[in-house]
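Structural characterization, general
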Amino acid sequence: QIVVDFDVNLGQGFWAKAVDGGSVVIGGEVSDNSTVEVPVNAMTLIANPIPQSINIQDIKVAGDFAQDGTDWIKFWNSTTYQYQEVYFFGEEADGVFTDDTYEETLGAGWGDADQIVVDFDIDVGQGFWVKSVNGGTVIFPTVE
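For the structure given in this document, a descriptive report is provided here. (Residues numbered from 1 in each chain as written. Predicted model: local features only at pLDDT ≥ 70, side-chain atom pairs only at ≥ 80, totals over all residues. Heavy atoms only, no water.)

1. A closer look at the sheet that holds strand S7 (residues 109-111)
Consider a sheet: its strands pair through backbone hydrogen bonds, and that pairing is either parallel or antiparallel. Pairing within the open sheet is antiparallel, and its five strands lie in the order S2-S9-S5-S6-S7. Only two strands of the sheet have a single partner each, and these edge strands are strand S2 (43-47) and S7. Within the sheet, the average angular offset between the axes of one strand and its neighbour, ignoring direction, is 30°. Relative to strand S6 (residues 82-89), strand S5 (residues 68-77) is paired through seven bridges, and the arrangement is antiparallel. Looking at S6, one finds that Asn 77 is bridged to Gln 82. (Pairing = 2+ DSSP bridges. Helix = DSSP H or I, 4+ residues; strand = E, 2+ residues; numbered from the N terminus. Axes fitted to C-alpha atoms, helices over the stretch in contact; angles between N-to-C directions.)

The following block contains the structure:
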């Protein structure tokens with residue numbers, strides 16, 4: 001057994017592989033900071049930094065995130081063994097969603113490539129890739 005001791009920054013993602021399975025135990029204080037900065041035009045691996053599952057639609061963005069679906073989040077789907085991409089459509093991109101009920105009630109949010117609203121949860125510590133053409137901030141809901 002090898003004991004590894006290092007700090008993981010808020011929202012930082014990492015890969016862990018065990019040939020025969022196993023678990024990763026992360027300790028420390030729960031941060032009340034719920035934002036992660038994303039650099040310009042780079043894929044960044046981040047993770048759900050709060051100790052509860054959250055709905056994809058509860059992740060907000062700020063700064064220079066594009067509102068036209070060019071910025072995305074990419075998740076690994078362990079059932080299909082494929083990546084799933086969701087795109088950010090902001091309030092400036094009026095009418096992009098084909099689900100009229102969603103647009104009328106919630107405004108900006110995440111949709112698939114066909115501009116259909118997506119609805120799924122992100123588990124505690126689940127990692128995912130984020131890419132923003134202009135950079136910006138990913139904002140997670142505050143811990144309840």
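2. Focus: the side chain of Asn 48
Mapping Asn 48 onto the fold places it in the loop between S2 and strand S3 (54-55). Given a relative accessible area of 3%, Asn 48 falls into the buried group. Within the structure, Asn 48 has its side chain in polar contact with the backbone nitrogen of Ile 50 (distance 3.0 Å). Among the polar contacts listed, one links the side chain of Asn 48 to the backbone oxygen of Asp 123, at a separation of 3.2 Å. Ignoring sequence-local partners within four residues, the contact set of Asn 48 consists of Ser 53, Ile 54, Ile 122, Asp 123, Val 124, Gly 125, Gln 126, Phe 128 and Phe 140. (Buried < 20%, exposed > 50% of the residue type's maximum accessible area, 1.4 Å probe, protein only. Polar contact = N/O pair within 3.5 Å; in protein donor to acceptor, adjacent residues only side chain to side chain. Contact = heavy atoms within 4.5 Å.)

3. Regarding the side chain of Ser 132
Note that Ser 132 resides in the loop between strand S9 (127-131) and strand S10 (136-139). Its relative accessible area of 0% is what places Ser 132 among the buried residues. Among the polar contacts made by the side chain of Ser 132, one reaches the main-chain amide nitrogen of Gly 135 at a distance of 3.1 Å. What Ser 132 contacts, discounting residues up to four positions off in sequence, is Val 38, Pro 39, Val 40, Asn 41, Ala 42, Asp 64, Phe 65 and Asp 71.

4. Section: a negative patch on the surface
Together, Asp 58, Asp 119, Asp 121 and Asp 123 give the surface a local cluster of negative charge. Mapped onto the elements, Asp 58 comes out in the loop between S3 and strand S4 (60-62). (Patch = residues over 30% accessible without salt bridge, like charges linked within 9 Å, V, L, I, M, F, W, Y side chains within 5 Å. Areas by Shrake-Rupley, 256 points an atom, 1.4 Å probe, with all protein chains shown as cover. Salt bridge = Lys/Arg side-chain N within 4 Å of Asp/Glu carboxyl O. Lys, Arg positive; Asp, Glu negative; His and termini not counted. Charge placed at Lys NZ, Arg CZ, Asp CG, Glu CD.)

5. Focus: the sheet that holds S10
Judged by pairing direction, the sheet is antiparallel, and its three strands sit side by side in the order S1-S10-S4 without closing on themselves. One side of each edge strand has no neighbouring strand; the edge strands of this open sheet are strand S1 (35-38) and S4. Each strand axis lies, on average, 25° off the axis of its neighbour in the sheet, ignoring direction. In this structure, S4 lies alongside S10, joined through three bridges in antiparallel fashion.

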